[in-house]
Amino acid sequence: MSVDADVLLAGPRGRRLCLEYAVACAFRAETAQSRAAADTVWWAAGACETNGTTIVLRSSGDRTRYEPPIASPTDAAAALDAIDLAAPTSATLREALAASVQAAMYWQEPDGRDLLCATDDVQSALRRIAVLIAGSAAAEWWSDGVAGEDQWSVPWQGAGRPAGDLEAALRSWREATAADEARAAAERPSDPTARWSGQWWSIPPASLVRTTRALAGDGPAGLWFVEDSFGEDAAAATPVDVYPARVLEVCGPEDWARLCAQHPLDVTASRRHDWFRVTGRDGRWVMPDWAAVAAETDAVHLSVAGYLSTATRLIQVDGDRAAVLAGWNPDETFWFRGTSARPAGEQRWRRENDVWERVAD
């Protein structure tokens with residue numbers, strides 16, 4: 001089932017994907033016109049982020065003030081309209097998606113490109129790009145559910161939970177989360193603008209098995225699409241046998257809101273400051289109580305479309321409470337039960353110039 005253009009434009013990550021794709025097309029064209037269009041987008045994004053920039057140049061001992069070009073969202077929209085868009089391929093969409101994921105932040109305000117993408121003029125210009133991407137065969141899998149026969153784990157997703165201790169792991173996670181919330185309520189100011197930070201993620205316990213599907217010969221999606229990456233350049237990917245009897249699919253913001261409403265865990269004090277920065281909202285915050293969710297399902301899967309339309313945005317749960325999907329990666333599945341690793345099938349991968357390549361055995 002193909003992804004819809006409206007889904008790509010619904011959230012910050014989807015809009016950023018479209019912008020990154022267009023700018024990459026401009027650079028690949030290698031013409032003066034395309035480079036000028038990319039430069040206009042760059043200056044407009046900088047203006048959104050800094051409200052103006054002054055660059056000081058030093059030449060032969062003299063200091064010269066340089067006022068950069070002034071570019072507005074309207075200028076950026078016109079520049080995007082002028083870019084010739086190449087037909088999407090698996091590689092070019094993978095590159096644009098990775099750029100959007102790497103730019104996701106929950107501990108500070110959105111950057112200039114995200115702010116630019118949120119303006120009306122640029123959103124209108126992004127529609128042409130979203131329609132092209134949504135109609136691409138390379139994006140068809142973005143709306144798919146979990147790929148039950150092709151799951152892989154990578155080191156930074158965790159080694160996985162030893163068999164039989166799920167209940168203990170969930171109990172320990174809930175107790176630690178409650179303790180962190182209590183400490184935050186006692187020690188941190190209620191002013192959401194105060195410069196405090198802490199736990200900002202809303203993922204299940206890190207000790208659970210986490211997997212993504214393989215991207216044909218490019219290895220697991222978990223190699224390419226990583227929020228808050230530490231920049232690892234080597235990995236050993238392990239195939240995982242899964243038995244998805246009951247998988248909860250998160251395909252968009254409605255699914256995340258429903259999950260938070262059905263199994264709410266209050267995290268207002270511990271997330272208040274970080275989530276205010278990313279959304280601008282002050283109020284009560286909740287995330288799913290994963291111990292309760294685990295009693296009803298075997299796994300939770302976030303589709304690429306669900307990620308692009310949901311991550312780094314405000315999700316209203318009800319009239320009083322809201323949530324943020326934070327720390328997840330596209331196509332990631334957290335398993336409460338129903339997995340077994342196959343270490344004999346381990347593959348080694350290395351990244352060179354931002355491209356992951358398999359290392360010969």
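Basis of the calculations
Residues numbered from 1 in each chain as written. Predicted model: local features only at pLDDT ≥ 70, side-chain atom pairs only at ≥ 80, totals over all residues. Heavy atoms only, no water. Helix = DSSP H or I, 4+ residues; strand = E, 2+ residues; numbered from the N terminus. Rg over C-alpha atoms; globule rule 2.2 N^0.38 Å. Buried < 20%, exposed > 50% of the residue type's maximum accessible area, 1.4 Å probe, protein only. Areas by Shrake-Rupley, 256 points an atom, 1.4 Å probe, with all protein chains shown as cover. Pairing = 2+ DSSP bridges. Contact = heavy atoms within 4.5 Å. 1 Å grid on protein atoms, 1.4 Å probe; cavity = no way out; pocket = protein on both sides within 12 Å on 5 of 7 lines; lining within 4 Å. Points joined across faces, edges and corners; volume = space filled by probe spheres on them. Nonpolar A, V, L, I, M, F, W, Y, C, P; charged D, E, K, R; others polar. Salt bridge = Lys/Arg side-chain N within 4 Å of Asp/Glu carboxyl O. Phe/Tyr/Trp six-rings, centres within 6.5 Å; stacked < 30°, edge-to-face > 60°. Lys NZ or Arg CZ within 6 Å of the ring centre and 35° of its normal.

(A) Local environment of the overall build of the protein chain. Along the backbone of the protein chain there are 13 helices and 15 strands. What you see for the protein chain is a C-alpha radius of gyration of 21 Å, in line with the 21 Å of a compact globule of 361 residues. By principal-axis analysis of the C-alpha atoms, the protein chain measures approximately 65 × 55 × 45 Å. For the protein chain, with 361 residues in total, the buried portion stands at 50%. Accessible area for the protein chain stands at about 16200 Å²; split by element, carbon and sulfur atoms hold 50% of it.

(B) View of the pairing of strand β14 (residues 347-352). Along β14, the buried face is formed by Gln 347, Trp 349 and Arg 351; none of Arg 348, Arg 350 and Glu 352, which line the opposite face, is buried. Pairing of strand β5 (residues 234-242) with β14, which is carried by four bridges, proceeds in the antiparallel orientation. Pairing of Ala 237 across the sheet is with Gln 347, part of β14. Pairing between β14 and strand β15 (residues 355-358): four bridges, direction antiparallel. In the strand pairing of β15, Arg 351 is matched with Trp 356.

(C) Looking closely at the pairing of β5. When strand β3 (residues 151-153) meets β5, the two strands line up antiparallel, connected through three bridges. Bridge pairing in β5 places Gln 151 opposite Val 240. Strand direction decides the pairing type here: β5 and strand β13 (residues 339-341), joined by three bridges, are antiparallel. Bridging across to β13, Val 240 finds its partner in Ala 341.

(D) A look at the sheet that holds strand β11 (residues 321-323). The mixed open sheet is built from four strands, whose spatial order is β7-β8-β11-β10. Sheet topology places β7 (264-266) and β10 (315-316) at the edges, where each strand pairs with a single neighbour. As paired elements, strand β8 (residues 284-288) and β11 share two bridges and run parallel to each other. Within the sheet, the bridge partner assigned to Arg 284 lies in β11 and is Arg 321.

(E) Summary view of the environment of Cys 48. One can find Cys 48 in helix α3 (residues 32-50). Residue classification places Cys 48 among the partly exposed positions, given a relative accessible area of 23%. Expressed as a C-alpha distance, the spacing of Cys 48 and Arg 113, which sit 65 residues apart in the sequence, is 7.8 Å. Leave out the neighbours within four places in its chain, and Cys 48 touches Gly 112, Leu 115 and Leu 116.

(F) How the structure looks around the layout of surface pockets. Taken as a whole, the largest pocket holds about 500 Å³ of empty space. Examining the composition of the lining of the largest pocket, we find that three residues originate from one element, helix α8 (residues 166-187), more than from any other. Of the voids in this model, the second largest pocket is the one considered here, and its volume is about 340 Å³. Together, Ala 91, Arg 94, Glu 95, Ala 98, Ala 99, Gln 102, Leu 223, Trp 224, Arg 351, Asp 354, Val 355 and Trp 356 line the second largest pocket. Those elements that place two or more of their residues in the lining of the second largest pocket are α5 (90-102), α9 (221-224) and β15. Residue composition of the lining of the second largest pocket, grouped by class: seven nonpolar, one polar and four charged.

(G) Summary view of the pattern of salt bridges. The tally for this structure, following the rule as stated, stands at 23 salt bridges. With a shortest N-O distance of 3.7 Å, Glu 167 and Arg 171 are connected by a salt bridge. In this pair, Glu 167 and Arg 171 both sit in helix α8, four residues apart, roughly one turn of the helix. When its relative accessible area of 63% is taken as the criterion, Glu 167 is described as exposed. Arg 284 is paired through a salt bridge with Asp 266; the nearest N and O atoms lie 3.4 Å apart. A residue pair is termed long-range when its members are at least 10 positions apart, and Arg 284 in strand β8 and Asp 266 in strand β7 qualify at 18 residues. On the basis of relative accessibility, which here comes to 36%, the residue Arg 284 falls in the partly exposed class. Judged by its relative accessible area of 32%, Asp 266 is partly exposed. Counted as one network, the salt bridges with shared partners bring together Arg 13, Arg 16, Glu 20, Asp 111, Arg 113 and Asp 114.

(H) Spotlight on the packing of aromatic side chains. Within this structure, the stated rule accounts for nine aromatic pairs. Plain terms: the ring middles of Trp 42 and Trp 43 are 4.7 Å apart, the flat faces sit at 85° to each other, and that makes the pair edge-to-face. Take Trp 42: its relative accessible area is 49%, and that puts it in the partly exposed class. Arranged with centres 4.9 Å apart and planes meeting at 70°, the rings of Trp 328 and Phe 334 form a pair that is edge-to-face. Connected via pairs of aromatic rings, a cluster forms that spans Tyr 106, Trp 107, Trp 200 and Trp 201. Here Arg 94 stacks its cationic end above the ring of Trp 224, 3.9 Å away from the centre of that ring. Lying across the ring of Trp 285, Arg 281 places its NZ or CZ 4.8 Å from the centre.

Spatial relationships are all this shows, so hold off on functional conclusions.
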